[in-house]
Amino acid sequence: MSKECITIIAQGKVQGVGFRVAIQNIANSLGITGNVQNLNDGSVKITAQGNDKKIQKLLKLIKNNPTPFCKVTKLLINSNEKSHHYSDFKIKI
């Protein structure tokens, strides 16, 4: 089964609310590899690699606000043509 690699920019109240840790936990539970990091504009960038079904589940969970304190208002999603070789899912600082 081929792996899909996407970049997601989550906008809204996504910094300082446990969002990155929640995304890491969800990704690990789904077997998705990649990383998550805060951006200077207040959004969060997620690079996720896994099979399509797992990626779609991740997107659904993100849209449903994975922590009680966050509020995702917009997701920008781009497919990456080149797959990376991530071994796990990390929080980038």
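Heads up: the structure comes first, above all this text.
This text gives an overview of the structure that appears in the document. (Residues numbered from 1 in each chain as written. Predicted model: local features only at pLDDT ≥ 70, side-chain atom pairs only at ≥ 80, totals over all residues. Heavy atoms only, no water.)

Re the pairing of strand β3 (residues 44-50)
The condition that has to hold: We call a residue buried when its accessible area falls under 20% of the maximum for its residue type, exposed when it is over 50%, and partly exposed in between, using a 1.4 Å probe and counting protein chains only. Only DSSP runs of H or I with at least four residues qualify as helices, and only runs of E with at least two residues qualify as strands; both kinds are numbered from the N terminus onward. Strands pair, by our definition, only if DSSP identifies at least two bridges between them.
The buried fraction of β3 amounts to 6 of the 7 residues, a majority that puts the element mostly inside the structure. Across 7 bridges, the pairing between strand β1 (residues 4-13) and β3 is antiparallel. Bridge pairing links I8 to I46 in β3.

Examining helix α2 (residues 52-63)
One turn of the α-helix equals 3.6 residues, which is why residues spaced by three or four share an orientation. Under the convention used in this document: In this scheme, a helix's expected span is set at 1.5 Å multiplied by one less than its residue total. What the arc covers is the set of directions going from the helix axis to the C-beta atoms. Residue contacts are counted whenever heavy atoms from the two residues lie within 4.5 Å of one another.
Counted at 1.5 Å a residue, the expected span for α2 with its 12 residues is 16 Å, and the 16 Å between its end C-alpha atoms agrees. Regarding α2, the residues found buried are I55, L58, L59 and I62. Each buried residue of α2 lies within a common arc of 100° when the element is viewed along its axis, so the set occupies one face. For α2, exposure combined with an orientation more than 90 degrees from the buried face picks out K53 and K60. Here the buried face of α2 lies against β1, α1 (19-30), β3 and β4 (71-79). Of the residues one or two after α2, N65 is the one with positive phi, at around 60°.

Considering the environment of V72
Considering the arrangement of structural elements, one finds V72 in strand β4. Linking V72 and D41, residues 31 residues apart in sequence, is a C-alpha distance of 14 Å. With residues up to four places along the chain from it excluded, the contact list for V72 reads Q11, V14, F19, I62 and N65.

A closer look at the nonpolar core
Quick reminder of the rule: What is meant by a nonpolar core is a set of buried Ala, Val, Leu, Ile, Met, Phe, Trp, Tyr and Cys residues, joined one to another through side-chain atoms within 4.5 Å.
I8, F19, I32, I46, L58 and I62 are the most contacted members of the largest nonpolar core, which has 23 residues in total. Contributing elements (two or more residues each) for this core: β1, α1, β3, α2 and β4. Per element, the largest residue contribution to this core is 5 residues, and it comes from α1. Apart from the residues within four sequence positions on either side, F19 is in contact with A10, V14, V44, I46, I62, P66, T67, C70 and V72.

A look at unusual backbone geometry
The backbone of N65 shows a phi angle near 60°, a positive value even though the residue is not glycine. Its location among the elements puts N65 in the loop between α2 and β4. Take N65: its relative accessible area is 22%, and that puts it in the partly exposed class.

Things to note about the packing of α1 against α2
Rule in force here: Where helices are involved, their axes are fitted lines through C-alpha atoms of the stretch in contact, as for all axes, and angles between N-to-C directions lie from 0 to 180°. Angle categories are assigned with fixed cut-offs, so that under 35 degrees is roughly parallel, over 145 is roughly antiparallel, 65 to 115 is roughly perpendicular, and the rest are oblique. Helix crossings get a hand from a simple test, with the near helix turned counterclockwise from the far one by less than a right angle marking a left-handed crossing and a clockwise turn marking a right-handed one.
Interaxial distance between α1 and α2 falls to 10 Å at its minimum, and their mutual angle equals 150°. The pairing of α1 with α2 is recorded here as roughly antiparallel in orientation. Taken as a pair, α1 and α2 cross one another with a handedness that is right-handed. Between α1 and α2, the residues in contact are F19, I23, I26 and L30 and K54, K57, L58, L61 and I62, respectively.

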